[in-house]
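What follows is each chain in one-letter form.
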Amino acid sequence: MKIKVANHSGFCFGVKRAINIAKNALRDSKYRENIYSLGQIIHNPQVVRLLSEKGLYVVSDIDAIKKGALIISSHGAPQKIIEKIKRKKIKLIDATCPFVKYAHDIIKRLKRDGYKIFVVGDKNHPEVKALLSTVGKKNLYIRGAKAKKIALVSQTTQNRDNYIKEISDILKADFNEARIFNTICNDTARRQSLTREFLKECDVMVVVGGKNSANTKRLHHICRENRVDSYHIETDAELKSGFFLKKKCVGVVSGASTPEKTVKKVAERIKRLT
Ligand code: F3S
């Protein structure tokens with residue numbers, strides 16, 4: 001059986017950066033034993049566990065922290081929370097991905113220019129919650145509402161096809177002017193296009209990454225949309241020989257918070273199983 005492994009895998013730029021920021025904070029004697037991340041620093045349970053063994057504690061309630069340093073995850077955080085942290089006697093370390101920051105900057109500009117803004121993304125994801133907080137109630141565009149000037153931005157890890165579909169739906173509304181921003185990051189776009197490429201040849205796909213990782217779930221969704229058998233796994237331990245029965249080609253792709261060595265282990269285990 002043919003095994004195709006994506007040549008673009010391992011951590012994306014934003015995840016690498018966030019992990020380095022966390023490691024540097026863990027090495028800093030000033031914060032010893034008091035380093036926290038607001039939510040998981042990246043959406044990969046294995047990496048989060050490794051960092052917690054080194055002393056990075058995941059918290060959801062900033063009131064519980066009295067001293068030390070708090071790291072904002074790669075997904076960013078709502079402005080209100082950031083201001084609250086600044087008022088406390090704790091050090092704020094911002095590991096928000098610059099691509100996420102760029103989406104916030106666009107929203108701030110659009111607000112200043114009087115646009116109603118529509119955000120395409122998973123409303124329960126921390127990145128989208130933060131983007132919506134930057135938009136604010138007054139500037140939020142509600143589907144079907146009347147507005148003179150509307151603008152669309154998306155979650156950085158959105159499925160490109162889904163964003164295009166949402167854009168065409170929103171453009172049916174009544175407005176004078178619309179602006180569309182491609183805030184899907186390059187890394188996400190590249191992983192999605194590699195997945196689509198593999199789907200042309202492969203009859204089974206293995207998608208590697210955190211079960212809570214939005215960009216990994218989207219890769220899996222793309223496979224399912226194309227009606228190709230696909231499995232979303234976090235580690236090689238979840239692989240079963242039955243996945244590959246009577247299959248000719250398997251494609252292995254991974255999310256942006258999946259370590260390179262996890263992908264390698266998956267590819268090696270597939271080789272042994274087939
Ligand atoms: Fe940033 Fe894109 Fe990674 S938004 S965290 S580079 S998936």
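Moving on: the pairing of strand β10 (residues 229-233). Bridge count for strand β9 (residues 204-208) against β10 is five bridges, and the pairing is parallel. Paired with V207 across the strands is H232, a residue of β10. In terms of handedness, the path from β9 via helix α8 (residues 214-225) over to β10 forms a crossover that is right-handed.

Counting 20 residues, the largest nonpolar core has I35, I41, I42, L51, L56, I71 and I93 as its most contacted members. Of all the secondary-structure elements, those providing two or more residues to this core are α1 (13-27), α2 (45-53) and β4 (69-72). For this core, the element with the highest residue contribution is α1, accounting for seven residues. Setting aside residues up to four positions removed in sequence, L51 forms contacts with K23, L26, I41 and L56.

For the ligand, the full set of nearby residues is C12, G14, V15, C97, F99, T156, T157, C185, T188 and A256. Residue classes in the shell around the ligand are distributed as six nonpolar, four polar and no charged.

Let us look at the packing of aromatic side chains. Summed over all chains, the structure comprises five aromatic pairs. The interplanar angle of 80° and the centroid separation of 6.0 Å between the aromatic rings of F13 and F99 together place this pair among those described as edge-to-face. Highlighted residues: F13 in helix α1 and F99 in helix α4 (residues 98-112), separated in sequence by 86 residues. Since its relative accessible area comes to 33%, F99 is described here as partly exposed. Both rings, one in Y36 and one in Y57, keep their centres 6.1 Å apart while their planes meet at 45°; by these two values the pair is tilted. In this pair, Y36 sits in strand β2 (residues 35-38) while Y57 sits in strand β3 (residues 56-59), placing the two residues 21 residues apart along the sequence. Residue Y57 is classed as partly exposed on the basis of its relative accessible area of 40%. Each residue in the set Y231, F243 and F244 is aromatic and connected to the rest through ring pairs, giving one cluster. Stacked on the ring of Y115, the Lys or Arg K149 has its end atom at 4.7 Å from the ring centre.

So, on to the side chain of Q155. Position of Q155 relative to the elements: it lies in the loop between β7 (149-154) and α6 (160-170). What makes Q155 buried here is its relative accessible area of 0%. If near-sequence neighbours (up to four positions away) are discounted, Q155 is found in contact with V120, G121, D122, H125, E127, V128, L131, T183, I184, A214 and R218.

Let us now look at α2. Residues of α2 that are buried include every one of V47, V48 and L51, and no others. Taken end-on, α2 shows its buried residues confined to a sector of 100°, consistent with a single buried face. Summarising the contacts, the buried residues of α2 are in contact with α1 and β3. Capping the start of α2, N44 holds a side-chain oxygen 3.1 Å from the backbone nitrogen of Q46, two or three residues further along. Downstream of α2 by one or two residues, G55 has phi in the positive range, about 115°.

Among the secondary structure elements, T216 is positioned in helix α8. The spatial distance from the C-alpha of T216 to the C-alpha of T188 is 9.4 Å, given a sequence separation of 28 residues. Residues contacting T216, with those up to four places away along its chain left out, are V207, V208, G209, G210, H232 and G255. In terms of polar contacts, T216 uses its side chain to reach the side chain of S213, at 2.5 Å.

On to helix α5 (residues 126-139), then. Compared with an ideal rise of 1.5 Å per residue, which puts 14 residues at 20 Å, α5 spans 19 Å between its outermost C-alpha atoms and is within 8% of the ideal. At S133, α5 shows its largest bend, some 50°. Of the positions making up α5, those classed as buried are E127, V128, A130, L131, T134, V135 and N139. Contacts made by the buried residues of α5 are with α4, β6 (116-120) and β7.

Cut-offs used in this document
Residues numbered from 1 in each chain as written. Predicted model: local features only at pLDDT ≥ 70, side-chain atom pairs only at ≥ 80, totals over all residues. Heavy atoms only, no water. Pairing = 2+ DSSP bridges. Helix = DSSP H or I, 4+ residues; strand = E, 2+ residues; numbered from the N terminus. Right-handed = clockwise from strand over helix to strand, strands pointing away. Core = buried A, V, L, I, M, F, W, Y, C linked by side-chain atoms within 4.5 Å. Buried < 20%, exposed > 50% of the residue type's maximum accessible area, 1.4 Å probe, protein only. Contact = heavy atoms within 4.5 Å. Near = heavy atom within 4 Å. Nonpolar A, V, L, I, M, F, W, Y, C, P; charged D, E, K, R; others polar. Phe/Tyr/Trp six-rings, centres within 6.5 Å; stacked < 30°, edge-to-face > 60°. Lys NZ or Arg CZ within 6 Å of the ring centre and 35° of its normal. Arc of directions from axis to C-beta. Polar contact = N/O pair within 3.5 Å; in protein donor to acceptor, adjacent residues only side chain to side chain. Expected span 1.5 Å × (residues − 1). Bend = angle between axes of the 7 residues up to and from the residue.

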